[in-house]
Amino acid sequence: VTSPCKILKCNSEFWAATSGSHHLGAEEAPEFCTALRAYAHCTRRTARTCRGDLAYHSAVHGIDDLMVQHNCSKDGPTSQPRLRTLPPGDSQERSDSPEICHYEKSFHKHSAAPNYTHCGLFGDPHLRTFTDTFQTCKVQGAWPLIDNNYLNVQVTNTPVLPGSSATATSKLTIIFKSFQECVDQKVYQAEMDELPAAFVDGSKNGGDKHGANSLKITEKVSGQHIEIQAKYIGTTIVVRQVGRYLTFAVRMPEEVVNAVEDRDSQGLYLCLRGCPLNQQIDFQTIRSAQATEGRARRKGPSLPAPPEAFTYETATAKCREKLPVEDLYFQSCVFDLLTTGDVNFMLAAYYAFEDVKMLHSNKDKLHLYERTRDLTPGNTAPTGTHPTLWVALLCLCWLCLL
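- As recorded in an unreviewed UniProt entry, the chain goes by RGMA protein and comes from Menura novaehollandiae.
- A UniProt comment under Subcellular location (unreviewed entry) is attached to the chain, and it reads "Cell membrane".
- The UniProt entry for the chain carries the following comment under Sequence similarities (unreviewed entry): "Belongs to the repulsive guidance molecule (RGM) family."

As structure tokens, this is what we get:
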């Protein structure tokens, strides 16, 4: 399910051609203008299929601004020479940002250190909220993960197999809102087979403001793992591509998590409120279907077989290779292998837990053992222990594919 809009390809080509720098000496201006014209030509080619794409419109406006800044003519060659990498100490790597652009220094100068929280989304998909509630959800289509005064995060989940309700994240959009003298508004977008190491305008930091370096993208593994540091709001975001799909993890101060204009009337925000009741998979009711415990998926011509058939025993053995502790990450791994047959979902669960170890502030809460389900209208999720997890897991696998 790949979008026909190819704006991410245009962004990547422009970034490769310019080595990430928009602050060039006079002798490099012609080469930069050539790359800009090629970038503009690429956006025009994909314009018809990108009309509703936020990243496309951001790129078009960014090109116009850069053309003006560098006195570039719209007419001229459009080949893409690779420009020299800037020496250390360039303005893109400023370290003398204003104090207000460093969250811990500015917001808590005379108070206790902030309390950090974590949210993650991975696999089929499984959600760990800022309150350490763990849910397995359907949430097909576009859903907001985070929506506060500083940033918005939206994911799009698409079916893994035709005829199945199993979904995984195929697209991610992050909008960092303009903040005082620190950063300009920046948009990051990733989708299947496109994990850029730059924002949609080709930059790798917060723009031209004095505190621009308080927002920065770092590529950890090319095409597989990027990290975004937003120091001005004390936030770290990790995005990975594992197999064909994306995973998301964030570390954010509670003060930023709850920075919304009107929390009571605010719309859905999965990392804070959890998945809607009708989108959650209820593990408790699965136990009433124990008569079907031996069935991993419904028989019949309407449902295709997974790419690789895992039995319960082979799935648990495979997951135990990477996840020796039989917590909810392990159980999610087993569930995903049974429902999809894709071994990359085992890696998604493994990396999701690795991100928890890096981002979660309370090391005593890394592992979760209780399945949780939202039972209240306000989406405050209580927890409950379910002793027959293995039977439930097999039955859930079957029902998910109905």
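1. So, the side chain of T158
- Counting through the fold element by element, T158 comes out in strand β5 (residues 151-159).
- Among the polar contacts made by the side chain of T158, one reaches the side chain of S170 at a distance of 3.3 Å.

2. Looking at the state of the cysteines
- One pass over the full model with this rule turns up seven disulfides.
- Disulfide partner of C5: C50, at an S-S distance of 1.9 Å. Measuring the twist about the S-S bond at about 105°, one finds the C5-C50 disulfide to be right-handed. Taken together, the residues C5 in the segment before α1 (7-18) and C50 in the loop between α2 (29-45) and α3 (54-69) connect sequence positions 45 residues apart.
- Among the residues examined, C5 registers a relative accessible area of 4% and is labelled buried.
- Assessed through its relative accessible area of 0%, C50 is described here as buried.
- A sulfur-sulfur separation of 2.0 Å characterises the disulfide bridge that pairs C319 with C333. As the torsion about the S-S bond is roughly -90°, the C319-C333 disulfide counts as left-handed. One end of the pair, C319, is in helix α8 (residues 312-322); the other, C333, is in helix α9 (residues 328-340), with 14 residues separating them in the sequence.
- Accessibility expressed as a relative area gives 0% for C319, which makes it buried.

Calculation rules
Residues numbered from 1 in each chain as written. Predicted model: local features only at pLDDT ≥ 70, side-chain atom pairs only at ≥ 80, totals over all residues. Heavy atoms only, no water. UniProt positions renumbered as here; feature names shortened; annotations may be inferred. Helix = DSSP H or I, 4+ residues; strand = E, 2+ residues; numbered from the N terminus. Polar contact = N/O pair within 3.5 Å; in protein donor to acceptor, adjacent residues only side chain to side chain. Disulfide = S-S within 2.5 Å. Buried < 20%, exposed > 50% of the residue type's maximum accessible area, 1.4 Å probe, protein only.

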